[in-house]
Amino acid sequence: MRIDTNPIVRLEDYRPSDFLIDSVELDVRLHPTETRVIATLAMRPNPEGRPDAPLALDGDELNLKSVALNGRTLAGEEFEASPQALTIAQAPRQPFTLTIETEINPTTNTKLMGLYRSSGNYCTQCEAEGFRRITYFLDRPDVLSVYTTRIEAEGDDAPVLLGNGNPVESGTVDGSDRHYAVWHDPHPKPSYLFALVGGRLGRIAKNFTTMSGREVELAIYVEPGKEDRADYALDALERSMRWDERVFGREYDLDVFNIVAVSDFNMGAMENKGLNIFNDKYVLASPETATDMDYAHIEAIIAHEYFHNWTGNRVTCRDWFQLCLKEGLTVFRDQEFSSDERSRPVHRIAEVKTLRARQFLEDSSPLAHPVRPTQYREINNFYTATVYEKGAEIVRMLKTIIGDEDFRRGMDLYFDRCDGTAATVEDFLRAFADVTGRDLSHFARWYEQSGTPRVKVKGRYDPDAQTYRLDLAQSTSPTPGQVKKDAMAIPVALGLVMHDGSPSNGTCDRVDSRGVFLLDKPEDSIAFTGVTSLPVPSLFRGFSAPVKVSLDLPNEELLVLLRHDMDAFNRWQAAQTVAMRLLAALSTGAEVSDAEIDAFSAALASFMDRDACEDPAFAALVVTLPSEADIAQEIGRDVNPDTIHRARSEMRRRIGLSCANHLRRFYESLTDTGPYSPDAASAGRRSLRNASLDLLAAADPGVGEALAVQQLESAVNMTDRLASLSVLTTLPGEAREKAIARFGERYRNEPLVLDKWFTLQAAIPENGTLERIKGLMQHPAFSIANPNRVRALIGSFAMLNQVQFNRADGAGYRFLASIVLRTDELNPQLAARLLTAFSTWRMMENTRRSHAEEALRSIAQKPNLSRDVGDIVSRSLEESQGK
Ligand code: PHE
Ligand code: ZN
C-alpha cells in the first residue's frame, strides 16, 4: 500500500501565529492566463508568537515576481521562495509593510480553488486553503485583517467587478479598455473569507431595511438571461435576514450583500463576507426547470450562507479543527429557519433521514471521525456529514437540555464575547455553562467521541403496582483511533402512549418539565408511577439525540405509536421501524409471514384513511419505505444488495396492492389547481401524489406505465415531470427509452435539468446501466471538469445505485476507481468525494468485498495521487478499527 508521506496536522500542536497582518491591500489585474496580484500587507510580530521566528508565508502553485520590505525590493538572498512558501528569515521586530507581486493563471486552474474561471467569468474560492493560491499569506483562520481590494479588468471581458465589503470607487483606466473597482471591507476577517468576481453577469436587486433602520442593497448575479430564475433565491435571502433578526437578534453589517451564481463549484456555496458565491444549482429555479426539492434546497442554502455572517464570519474559527463551530451551528440555524418557514415535523424527518443516510454511515465506516477531529492530513476531506450534520445535532441537544430561553441567552453571550475573534468549541460551550451555571464538560464529549451510540431499551409494566419501568443501556462501537468509548450525555425526550390514545397519567420524577430524561451513565432505569394500563413508550421524540435505538417491542405495539403518538416524528419512526424489521428479515432470508406484512399494510391503509389528507407531506414520508442503502446499513455485514433490492421491490408491490384504493384516490384527487407554487403545502400534495404513483406502479407495472406516461405528457412543472420519468425508469421497455430520449432532447440546453436526467439513468438498477453511463459521458452536455455533471452522473451511480455500483463482478468498483484517477488530475477535491462511495466496502459480502478492496488498492498504488485522494484511500484501507 501507498505510504502516505504527507504531514499530519494535530490539534494539540496549535500555537498562535508568529506574525499578524492588520490590513491587506490587494491589487488584482485580471487576465485569462497572466493575472497579476500585488499584495501590500501591514504586518507586525504577534506578541503571543515566538520572538525569533522567521516569517513563513504559505503559497500554492504561485509564481513570485517580486517582494519588497518597507518599500525596498529584496535581493534574492534576503528571502527564500518556492511555489509553496515564501520565507524571510530575518523579519523586523517592529510593524512593517510587505509588498508581494505574484502571477497566476486562472484559466488552467481546474482545481476550482483560488482564482479560476467558470463560463468565462472570474471567481475565487478560498476556504479552506485557497487564498495561498492567489498570494503568499498567513493563510490560517486566526489571522484577521481588514481588506481593501482593487480589481482591474478588460471592460468587455468583465464589466461586473465585485469584492468583499462595500464598493468605494470605480472608473476607467486612462488610455486603455480597462476599468477597475475598489472594495473595502471594514470587518477584520480571515483569508478564507476573501472573494472577488469579474465577468459578464445579469443582476436582480432589492432593498432591505435592517431592524435598526440601516439600508442594505441585496443583489444576485447570474448568467445573463437567467435573472428571473433568481427571484426565489432573493426572496429566501430577505426572509433569512428577517428571521435572523427575529430569532437570534442578528443584524446585517454592510451596505450591500451580493450573491453570485457560478456553474463550476466544488461545494454548495461559500459565505465570503458580503459576497457569497454559489453553485448555480442552489440559486437558479423556475417551475419549468426546478423541483420542489430544489426550491427547498435553495431556501436552506441561501439561509445557511447568510447565517454564516454571524456564525463563521463575525465569530470565526481559531483553526480548522474547530470547523464544526461554524458549520454545525450554522446548519442548526438553517434547519431551524426551514422548520419555521415550512412544516417542522416534516422537516425534522427529512433532516434525520439525511443524517442517518450520510452521517450514521460515515460513523460506521473507516472514515469515522469526531465532530471535532484531532488530526488531519487534508482539511478538505473534513467537510463531512459528521462535522455538519452531527455538529448541528449537538447544538440541538444542547438546546433540548438547557431549554429555549437559556439557549438564546447563551447564544447572545457567545456573540457578545467572541465577536471579532477566532473562537473555539470551548468558547462556545463556556457561554452556555456561564448562563446556566451547569457543568457541560460531560456533554462536551459529543465533540470528541466518534461513532453512533446505541441505546438498548427494555420496558416492563407492572399492573399491580401500576408502574412502568424503562431500563436503558448505552454503548458505542470502536472507531478508527478510538477503541474505548465513554458513556455520553444523551437527552431522551419521551412519554407514554396508551393503546386507545387516551392521555397517559403516569409520572416520573427523572423526566423534566419539557419531557426530557438525561441518560448520562452506561445504564440507568426510570419508573413511571400511576400508569393504569399497559402503555407504549415513545422514546427519543423529535429524534432528541443522534443515536440508534434497540427496543424490544412487538410490531403491533409500535403501530400504536403510528396511530396515537402526539409526536409526529415518532409516528413516522414507528412505521419505519416496523418496515425496516420486515425488510431486513426479507433481505436476509429470515422467515416473514404474510400476516406480518398484511398487518403493516393494513396499518398504513388505516393511517391513510384517517390522517393522510390533513398533512400530505407527512403521509408521503410515512408510506415511503427505507431506502436500499438504509437497509444495507441496518443489516451491517455480509450485505448482498441484490437480495435487498428484491426484498424492497416485493414490499413495495405488496403495499401497493393492498393500499391500491387509497393510493388511487390520492393520485386522482391531489392534482394541482392553479399555477405552480413551491410552498410547502403544495409541494406536500405533489409528494404524496407522486409517492402514490410510485407504489401503484410497483403493484401493477402496466397501470404504472400508463399513468406515468400520461403524467409526463401533461405535467406543467418539473416536480411532476421528473417524478413520472423516475417511475418510468423503474419499468424497462420501449416507453421508458422513448421518454428518456424525449426528455433529453427537450432540455438539451439546460445543464441543471440534464443533471437530473443523468442521475435518473445512473440509478437504473439493471445490468445495462454501466454501459449507459459510459455512453452518457460522451453526451455533449457532459464534462469531466464540471463537478455538478460528474456528481450527477457518476456520483449518483456510486451513492444511489446499490445493486449496480456493488455489482458482484466488481465492474462498478473498477469503473469508479478509473473515474477517481481521472478526476484526481484535474480536481482532487471532486475525486476524493467520489471515492468516499467506497466507505461501505467492508460491510459487503465476500466476493464484493474483495473486488472493492482490489479497486481501492489499484488507486492506492498510483504514484502522484493528490493529498485529498491519498488520504481517503489510505484511511479506507486501514486495517483494523480502533488502531
Ligand atoms: N463553508 C461552505 C459552507 O458550508 C462550504 C465550503 C467549504 C465551500 C469549502 C467551499 C469550500 O457554507
Ligand atoms: Zn457552512
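Details of the structure are given in the entry above.
First, a word on what this report is: a plain description of the structure on this page. Please read all numbers here as calculations on a predicted model, not as lab measurements.

Observations concerning the overall build of the chain
For the chain, the count of helices and strands is 27 helices and 32 strands. Its C-alpha atoms give the chain a radius of gyration of 28 Å, near enough to 29 Å, the size a compact globule of 883 residues would have. Each of the three principal axes of the chain carries a C-alpha extent, and together these read 90 × 65 × 60 Å. Counting every position in the chain, which comprises 883 residues, the buried fraction comes to 59%. Summarising the internal contacts of the chain: among those between residues at least 6 apart in sequence, 72% fall at separations of at least 24.

Concerning the sheet that holds strand β12 (residues 145–154)
An order of β6-β5-β9-β3-β2-β12-β15-β14 is seen for the 8 strands of this open sheet, with the pairing classed as mixed. Two strands bound the open sheet, and with one partner strand each, they are β6 (72–73) and β14 (166–172). Across 6 bridges, strand β5 (residues 63–69) lies against strand β9 (residues 96–104) in antiparallel orientation. Across the sheet, the residue bridging to Leu-64 is Thr-102, located in β9.

Describing the coordination of the zinc ion (ligand 2)
Each protein donor to the zinc ion (ligand 2) is listed here as His-304 (NE2), His-308 (NE2) and Glu-327 (OE); together their distances run 1.9 to 2.1 Å. Sequence positions of the donors to the zinc ion (ligand 2) reduce to the motif H-x3-H-x18-E. In this structure His-304 comes out as buried when scored by relative accessible area, which is 7%. For His-308, a relative accessible area of 0% gives the class buried.

With respect to the environment of Asn-806
With respect to the element layout, Asn-806 can be found in the loop between α23 (802–805) and α24 (811–826). Of the residues examined, Asn-806 reaches a relative accessible area of 3% and is grouped as buried. Separated by 361 residues in the primary sequence, Asn-806 and Arg-445 place their C-alpha atoms 36 Å from one another. In contact with Asn-806, not counting residues within four places along its chain, are Pro-641, Asn-801, Tyr-813, Met-844 and Arg-848. A polar contact is formed between the side chain of Asn-806 and the backbone oxygen of Gln-802, at a distance of 2.9 Å. There is a polar contact of 2.7 Å between the side chain of Asn-806 and the side chain of Tyr-813.

A word on helix α27 (residues 867–877)
Among the 11 residues in α27, 10 count as buried, and that is most of the element. Of the residues making up α27, those classed as buried are Asp-868, Val-869, Gly-870, Asp-871, Ile-872, Val-873, Ser-874, Arg-875, Ser-876 and Leu-877. Those residues of α27 that are buried are in contact with α24, α25 (828–835) and α26 (846–861).

Focus: the side chain of Asn-786
Within the element layout of this structure, Asn-786 appears in the loop between α21 (769–776) and α22 (787–800). For Asn-786, the side chain forms a polar contact with the main-chain nitrogen of Asn-788, separated by 2.9 Å. If we ignore the near neighbours within four places in the chain, the residues touching Asn-786 are Ser-263 and Asp-264.

Concerning unusual backbone geometry
Here the amide bond leading from Glu-127 into Ala-128 is cis, since omega sits at -5°, within 30 degrees of zero. Relative to the helices and strands, Ala-128 is located in the loop between β11 (121–125) and β12. Phi at Phe-543 takes a positive value of approximately 55°, unusual for a residue other than glycine. Its place among the elements puts Phe-543 in the loop between β31 (535–538) and β32 (548–551). A residue is classified by how much of its surface remains accessible, and Phe-543, at 3% relative accessible area, is buried. The phi torsion at Asp-638 lies on the positive side, around 50°, for a residue other than glycine. As for its placement among the helices and strands, Asp-638 is situated in the loop between α13 (628–635) and α14 (641–658).

Criteria and thresholds
Residues numbered from 1 in each chain as written. Chains lettered and ligands numbered in written order. Predicted model: local features only at pLDDT ≥ 70, side-chain atom pairs only at ≥ 80, totals over all residues. Heavy atoms only, no water. Helix = DSSP H or I, 4+ residues; strand = E, 2+ residues; numbered from the N terminus. Rg over C-alpha atoms; globule rule 2.2 N^0.38 Å. Buried < 20%, exposed > 50% of the residue type's maximum accessible area, 1.4 Å probe, protein only. Contact = heavy atoms within 4.5 Å. Pairing = 2+ DSSP bridges. Donors = N, O, S within 2.8 Å, 3.2 Å for Na, K, Ca; no water. Polar contact = N/O pair within 3.5 Å; in protein donor to acceptor, adjacent residues only side chain to side chain.

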